[in-house]
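Inside the fold
Spelled out from the first residue to the last, the chains are:
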Amino acid sequence: GQQLNQSPQSMFIQEGEDVSMNCTSSSIFNTWLWYKQDPGEGPVLLIALYKAGELTSNGRLTAQFGITRKDSFLNISASIPSDVGIYFCAGQYGTSYGKLTFGQGTILTVHP
Amino acid sequence: NAGVTQTPKFQVLKTGQSMTLQCAQDMNHEYMSWYRQDPGMGLRLIHYSVGAGITDQGEVPNGYNVSRSTTEDFPLRLLSAAPSQTSVYFCASSYFRGGSQETQYFGPGTRLLVL
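Residues numbered from 1 in each chain as written. Chains lettered and ligands numbered in written order. Predicted model: local features only at pLDDT ≥ 70, side-chain atom pairs only at ≥ 80, totals over all residues. Heavy atoms only, no water.

1. A few points about the interface of chain B and chain A
- If you look at the interface, chain B gives 23 residues, while chain A gives 21 residues.
- Among the residues chain B hides against chain A, the three largest losses belong to Leu43, Glu102 and Phe106 of chain B. Together they make up 27% of the total.
- The interface formed by chain B and chain A includes 0 salt bridges.
- In this assembly, chain B and chain A are joined by 5 residue pairs in polar contact (both at pLDDT 80 or more).
- When residues of the side of chain B that touches chain A are traced back to their parent elements, those giving at least two are β4 (31-38), β5 (42-51), β9 (87-97) and β10 (101-106) of chain B.
- Taken together, the residues of the side of chain B that touches chain A sort by class into 11 nonpolar, 9 polar and 3 charged. (Contact = heavy atoms within 4.5 Å. Buried area = accessible area lost by both parts, 1.4 Å probe. Salt bridge = Lys/Arg side-chain N within 4 Å of Asp/Glu carboxyl O. Polar contact = N/O pair within 3.5 Å; in protein donor to acceptor, adjacent residues only side chain to side chain. Helix = DSSP H or I, 4+ residues; strand = E, 2+ residues; numbered from the N terminus. Nonpolar A, V, L, I, M, F, W, Y, C, P; charged D, E, K, R; others polar.)

2. Describing the state of the cysteines
Residues and elements named next belong to chain A.
- Inspection of the entire model under this criterion finds 2 disulfides over all chains.
- Note on cysteine connectivity: Cys23 is disulfide-linked to Cys89, with sulfurs 1.7 Å apart. Judged by the sign of its S-S torsion, about -90°, the bond between Cys23 and Cys89 is left-handed. Note that Cys23 is positioned in strand β3 (residues 19-25) and Cys89 in strand β9 (residues 85-92), a separation of 66 residues in sequence.
- By relative accessible area, which is 0% here, Cys23 ends up buried. (Disulfide = S-S within 2.5 Å. Buried < 20%, exposed > 50% of the residue type's maximum accessible area, 1.4 Å probe, protein only.)

3. Remarks on the side chain of Lys36 of chain A
- Looking at the secondary structure, you find Lys36 of chain A in strand β4 (residues 31-37).
- Discounting residues that sit within four places of it in the chain, Lys36 of chain A has contacts with Gly42, Pro43, Val44, Leu46, Ser82, Asp83, Val84, Gly85, Ile86 and Tyr87 of chain A.

4. Regarding the nonpolar core
- Counting 21 residues, the largest nonpolar core has Trp32, Trp34, Leu74 and Leu108 of chain A as its most contacted members.
- Listed by contribution, the elements that provide at least two residues to this core are β2 (10-14), β3, β4, β5 (44-49), β7 (61-65), β8 (71-76), β9 and β11 (106-111) of chain A.
- Once you skip the residues sitting within four places of it in the chain, Leu108 of chain A turns out to touch Met11, Ile13, Val19, Ile76, Asp83, Val84, Gly85 and Tyr87 of chain A.
- Trp34, Ile46, Phe74 and Tyr89 of chain B belong to the second-largest nonpolar core, a separate cluster that totals 19 residues. (Core = buried A, V, L, I, M, F, W, Y, C linked by side-chain atoms within 4.5 Å.)

5. Thoughts on the side chain of His47 of chain B
All names here are of chain B.
- Structurally, His47 is set in strand β5.
- Reaching out from His47, the side chain makes a polar contact with the backbone oxygen of Asp56 at a distance of 3.4 Å.
- Aside from chain neighbours lying at most four places away, what touches His47 is Ser33, Trp34, Asp56, Gln57, Gly58, Pro61, Tyr64, Asn65, Val66, Phe74 and Leu76.

6. Thoughts on the sheet that holds β8 of chain A
All names here are of chain A.
- With respect to topology, 5 strands assemble into an open sheet ordered β1-β3-β8-β7-β6, the strand pairing being antiparallel. Since the sheet does not close on itself, it has two edges, and those belong to β1 (4-7) and β6 (55-58), each with one partner. Averaged over all adjacent pairs, the angle separating strand axes in this sheet is 15°, with direction ignored.
- Across 5 bridges, the pairing between β7 and β8 is antiparallel. Among the inter-strand pairings, Thr62 is bridged to a residue of β8, identified as Asn75. (Pairing = 2+ DSSP bridges. Axes fitted to C-alpha atoms, helices over the stretch in contact; angles between N-to-C directions.)

What follows is the structure in structure tokens.
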């Protein structure tokens, strides 16, 4: 099946620092989604991207849909302790509706 | 709206037992999916449904059955549980923007331990 390469696998940062993570695919995606998962919870949608080149913000979070449609990145500015969690990218390609492909996740740790 | 709900939250089974994981959504979404999440493996698709009466296999369907008799409900059945099915199971439903752009919303998960 399709594979998404998400990097980095983990990050350890100080409170107040900016964070950047990205996902790449060998296939063209129609939709890129970014989720955050807290321990013991389900993934929660952060940002949805629907168009190549689209740049979307949600508070301190900014995500972009790559021009080639094969990549996306998520930035978090001025990190705070509650940003801790696992961040997943996910994409939908072709006519594979209902079948999102997920990255392996980026584990974010924020030191106060 | 309650969104996507799942029951039970936790379950312990013995090898060979059967059970059904329940999933319901109240957003009138046509598409629903089941994933399992294992450490280091991310989320893997088990089965999905594009509407009532229509289901299809995902990446890891073996050992699981699904049915979709209503738009709201999408139960996942384990016919004979195996230790390899110990995992966290997530149900999701999808909204489509413009008919083709999918956004998926997840339930809180069911944690299953098979002994």
